[in-house]
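Single-letter residue listing:
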Amino acid sequence: MNVQGTVHKYGDHVDTDVIIPARYLNTPDHKELAAHCMEDIDGDFIRKVKPGDLMVAGVNFGCGSSREHAPIAIKASGVSCVIAATFARIFYRNAINIGLPILECPAASAGIAAGDQVAVDFDTGVITNLTKNETYQAEPFPPFIKDMMEKGGLMASLKAGKAGV
Amino acid sequence: MGMTMTQKILAKHAGLDSVRAGQLIQARLDLVLGNDITTPVAINEFEAAGFDKVFDQSKIALVMDHFAPNKDIKAAAQCKQCRTFARRFGIDHYFDVGEMGIEHALLPEKGLVAPGEAVIGADSHTCTYGALGAFSTGVGSTDMGAAMAAGETWFKVPSAIKVNLTGKLRPFVSGKDVILTLIGRIGVDGARYQSLEFAGPGVAELSIYDRLTISNMAIEAGAKNGIFPVDEITKAYVEGRVNRPWTAFEADPDAEYERVVDMDLSQVECTVAWPHLPENAHSAREGNDIRIDQIVIGSCTNGQLPDLEAAAAILKGRHLAEDVRGIVIPATMTIYREAMRRGLTDVFLDAGCIVSTPTCGPCLGGYMGILAAGERCVSTTNRNFVGRMGHVDSEVYLASPAVAAASGVAGHICHPDSLA
């Protein structure tokens, strides 16, 4: 699988409260959540984002609250992949469970700027910055997680009787 | 090679003799928790996958605490969805208005978590129960939904940081100051994916409530869990609450830790985390120039009876400064009633505070104390992120109940011993 799009760039410790403020957690509706995605740190995001765009950030992306509404809002906003130097653990787990592609790659986090055109090859983990003509190698997923994502996420794996490690 | 306390609990629940850091395991769960904002998403996933039964109706807890009593029509619909699900599947531990409390105070109080157990909750502060010597960690809603069906989940076995505690806390200094100091030292991702294992002679100097506050904020250092050894203090707390057999696990003497952090409790100062990260730790004495508009005393971090007592000791015979609002939230109905019985409620009302029914409301900017642009709050809660308690240009300063109370009286951030 491959994706390509324009990058929206953020810094370190982007917490789930700014990804989707709690005042909007009175609904599980994906579209309603997406309408407020990143509102508290980037009020223009939802107007700028186009289907297939990528989000790139620094360390500890998705820290704080366990709200799954955060990766749901990002995915429903049209973002095709989140690349960060590191992810907070609950966000990492949630993103995989709901099928939002994420990649850990400090080099890409450092090298990619806002507005860059970036392509990702999930099979190889190679991230290509078309604007700067650079490539970065992301950490591959452990086989167990790759298998779960290929089956369509945690629930689909569980129904298939295959969610165990 | 030996195992940490966390690794031993996980090995037991995975049916293995031993586990090592980094290993992927499938572990049996003793309790699965959700609240009124995470459970609806879990129910939707559970139903969409076509499950028609839960693994064990006595091992699921649903607590309506975040936006309950219902803050608006949408919140009411979410609680209704949880209630319908609980009744349909005969969930034993469904807590609604009248008997609910803030989940991480309520579950220990009701004896729903015991030492040595493994618990997941669709709430990041589920790590609180490490104070009782349990393995507990926060997950998302899909994990919760899957666990309600399967009764087990996967984990990557964490490596550990050992926090070696020595000495004894000074007056006015509490568990909140310990954890804010620790996060200040290791950073908000200092324990990312790891367990924080508290050890050393200083553990015996910490009450169970100090420990609950410390474990509660382990997530604020990025940790998977924060766990305390089981001692006489733990046993005294669980006795009469937990009516099933439980096991105290101990770390092996040769357990491996990625690092050891030494902490002398006698050197811990009343600490305040400045906006907008819990790692921005400062002495409360540095805040005299920071004027405030509100104090909040409560939450899963600091809404226990001793927290209210610490605040009341400061507020007794005093009054909030002009234009400071004071919001006090006992974490459970039992604590609420006991606060009334002991006269604490009168102290708060006399000081100009309000006393609310249990709710998470203001902590996450839900309701019951939202801040306007430019306003500042000293809060005993756990997060001071941008916009956490209201407008993006408001500020939250995290502190202990004693510091929050003193600050409310002074009208600025204030060390309790500098009040006139």
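Below is a short write-up of the structure. All values derive from a computational prediction rather than experimental measurement.

**A short note on unusual backbone geometry**
With glycine set apart, most residues show a phi of negative sign, and most peptide bonds adopt trans.
(1) Moving on: Following A68 of chain B, the chain continues into P69 of chain B via a peptide bond in cis, with omega recorded as -5°.
(2) Moving on: Counting through the fold element by element, P69 of chain B comes out in the loop between β3 (60–63) and α3 (73–89).
(3) Moving on: Here the amide bond leading from P275 of chain B into H276 of chain B is cis, since omega sits at -5°, within 30 degrees of zero.
(4) Moving on: Structurally, H276 of chain B can be placed in the loop between β12 (271–273) and β13 (281–283).
(5) Moving on: Even without glycine at this site, N133 of chain A takes up a positive phi of about 55°.

**Some thoughts on the side chain of R67 of chain A**
(1) Moving on: As for its placement among the helices and strands, R67 of chain A is situated in the loop between β2 (54–57) and α4 (69–76).
(2) Moving on: Within the structure, the side chain of R67 of chain A is placed 3.3 Å from the side chain of D17 of chain A, a separation counted as a polar contact.
(3) Moving on: Here I20 of chain A takes part through its backbone oxygen, which lies 2.9 Å from a polar atom of the side chain of R67 of chain A.
(4) Moving on: Those residues in contact with R67 of chain A that sit more than four places away from it in its chain are T16, D17, I20, P21, A22, L25 and N94 of chain A together with L364 and R388 of chain B.

**Topic: the sheet that holds strand β8 (residues 160–166) of chain B**
Residue and element names in this part refer to chain B.
(1) Moving on: If you trace the 4 strands from one edge of the open sheet to the other, you get β10-β9-β8-β11, paired in parallel fashion. Of all the strands in the sheet, just β10 (225–227) and β11 (259–264) have a single pairing partner and so form its edges. Taken over all neighbouring pairs, the strand axes of this sheet differ in orientation by 20° on average, direction set aside.
(2) Moving on: In terms of strand pairing, β8 meets β11 through 6 bridges, oriented parallel. Paired with K162 across the bridge in β11 is V260.
(3) Moving on: Relative to β10, helix α1 (residues 5–14) is tilted by about 110°, and along the sheet it contacts β9 (195–199) and β10.

**A word on the sheet that holds β3 of chain B**
Where strands meet in a sheet, backbone hydrogen bonds hold them as pairs that are either parallel or antiparallel.
Residues and elements named next belong to chain B.
(1) Moving on: Strand order in this open sheet of 5 strands is β4-β3-β2-β5-β6, and the pairing throughout is parallel. Every other strand in the sheet has two partners, leaving β4 (93–95) and β6 (135–138) as the edge strands with one partner each. Averaged over neighbouring strand pairs, the angle between their axes works out to 15° when direction is ignored.
(2) Moving on: Examined bridge by bridge, strand β2 (residues 31–35) and β3 share 4 bridges and lie parallel to one another. Pairing of G34 across the sheet is with L62, part of β3.
(3) Moving on: Contacts from α3 reach β2, β3 and β4 within the one sheet, and its direction differs from that of β4 by about 155°.
(4) Moving on: Sitting on the sheet, helix α5 (residues 141–150) touches β2, β3 and β5 (118–121), and the angle it makes with β2 is about 135°.

Reading the values: the criteria
Residues numbered from 1 in each chain as written. Chains lettered and ligands numbered in written order. Predicted model: local features only at pLDDT ≥ 70, side-chain atom pairs only at ≥ 80, totals over all residues. Heavy atoms only, no water. Helix = DSSP H or I, 4+ residues; strand = E, 2+ residues; numbered from the N terminus. Polar contact = N/O pair within 3.5 Å; in protein donor to acceptor, adjacent residues only side chain to side chain. Contact = heavy atoms within 4.5 Å. Pairing = 2+ DSSP bridges. Axes fitted to C-alpha atoms, helices over the stretch in contact; angles between N-to-C directions.

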